[in-house]
Amino acid sequence: MARGIRAALLAASTVLLAACGSPLYVWDNHTSSTPRARGLELAEVGRRPVAVLPLVAPGALQGFSASLSHALARALPELSPPVAPLATSDVVNAVNARGLAGEYADLLTGYGRSGVLERERLGRLGAALDCRYALLPGITAIDHSLLDRFEMAGIKLVRTRVLVLRLWLQLWDTGTGELVWESAGEATVASELANTGRVIPVDEVAEKIWKRMLEDGLVAGKLSSRAPTPCEIC
């Protein structure tokens, strides 16, 4: 009898393992945005590249800066109409080539102290990059958890990995120094998996949040709150 139960459990585990080879991600999300400022020219946003500034993150989350900035740059061309990004790496290279590294550092440091991108430095940066607008992304929190389900005879058949990601985004006018739009977004992603080594790709989740924030807030120009929907990221 015991041998039969173990054989059944092994068979069930094999089926689950095969089913989880390409894991299904269940997506719950919420975004909210401020109204666009009157001075914001959407046509100008589409005509010239938008500079993507470095991700603002608490010290413990600094390691996500590069991947989440890249995710934002990937999301911009997917908008309708598409927006051309000047990726963070290109911004840094252009700033350094023009001898503005010190001013660039002071601009970002000043934001960390006051929550404001100082107008004159921002204007010089925009002129050097030939960018009317700059996007400043930020991360508030990220949390991973692993939940066990369907435990029988000491064998854990299914585990669920859960990722919670909270991001924010600001659009600045480099000519006037005005904050013309901002948004916040949160997503909870759950993946049932048999392989505990499998991870939920944070950059792919971030790309979808960035795109939703931009579509619902900047392009559509309205407040947005979406009900949970299932989707496949992979």
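Residues numbered from 1 in each chain as written. Predicted model: local features only at pLDDT ≥ 70, side-chain atom pairs only at ≥ 80, totals over all residues. Heavy atoms only, no water.

Caption draft 1: Structural detail: the pattern of salt bridges. Taken as a whole and judged by the stated rule, the model has 8 salt bridges. Across the pair Arg121 and Asp106 runs a salt bridge whose closest N-O atoms are separated by 3.8 Å. Here the residue Arg121 occupies a position in helix α6 (residues 119–129), and Asp106 occupies one in helix α5 (residues 101–114), the gap between them amounting to 15 residues. Classification of Arg121 as partly exposed rests on a relative accessible area of 28%. Taking relative accessible area as the criterion, Asp106 reaches 39% and is therefore assigned partly exposed. Between Arg166 and Glu186 there is a salt bridge, with the nearest N and O atoms lying 3.3 Å from each other. With Arg166 in strand β5 (residues 155–173) and Glu186 in strand β6 (residues 179–193), this pair connects stretches of sequence that are 20 residues apart. In this structure Arg166 comes out as partly exposed when scored by relative accessible area, which is 33%. A relative accessible area of 31% means that Glu186 is categorised as partly exposed. The network of salt bridges with shared partners includes Arg74, Asp203 and Glu207. (Salt bridge = Lys/Arg side-chain N within 4 Å of Asp/Glu carboxyl O. Helix = DSSP H or I, 4+ residues; strand = E, 2+ residues; numbered from the N terminus. Buried < 20%, exposed > 50% of the residue type's maximum accessible area, 1.4 Å probe, protein only.)

Caption draft 2: Structural detail: α6. Of all the residues in α6, the buried ones are Leu122, Leu125, Gly126, Ala128 and Leu129. Angularly, the buried residues of α6 cover 165° about the axis, an arc narrow enough to put them on a single face. Looking at where α6 begins, the residue whose side-chain oxygen comes 3.1 Å from the main-chain nitrogen of Glu120 is Glu118. At the C-terminal side of α6, Asp130 shows a positive phi close to 55°. (Arc of directions from axis to C-beta. Polar contact = N/O pair within 3.5 Å; in protein donor to acceptor, adjacent residues only side chain to side chain.)

Caption draft 3: Region of the structure containing unusual backbone geometry. A cis amide bond links Ser80 with the next residue in sequence, Pro81, at an omega value of 0°. Of note, Pro81 is situated in the loop between α3 (65–75) and β3 (85–86). Of note in the backbone geometry, Asp130 takes a positive phi value of approximately 55° without being a glycine. Relative to the helices and strands, Asp130 is located in the loop between α6 and β4 (133–152).

Caption draft 4: The environment of Leu135, seen in detail. Its place among the elements puts Leu135 in strand β4. In the structure, Leu135 is positioned 44 residues away from Leu179 in sequence and 9.9 Å away in space, judged by C-alpha atoms. Ignoring any residue separated from it by four or fewer positions in sequence, one finds Leu135 in contact with Val50, Ala51, Val52, Leu53, Leu72, Leu76, Leu169, Gln170 and Leu171. (Contact = heavy atoms within 4.5 Å.)

Caption draft 5: Inspection of the nonpolar core at higher detail. Counting 38 residues, the largest nonpolar core has Ile139, Leu165, Leu171, Val205 and Trp210 as the members making the most contacts within it. For this core, the element with the most residues is helix α7 (residues 202–219), which contributes 8 residues. Residues in contact with Ile139, not counting those within four places in the same chain, are Leu55, Val56, Ala57, Pro58, Leu61, Leu68, Leu165, Arg166, Leu167 and Trp168. Val91, Tyr104, Leu117 and Leu122 belong to the second-largest nonpolar core, a separate cluster that totals 20 residues. (Core = buried A, V, L, I, M, F, W, Y, C linked by side-chain atoms within 4.5 Å.)

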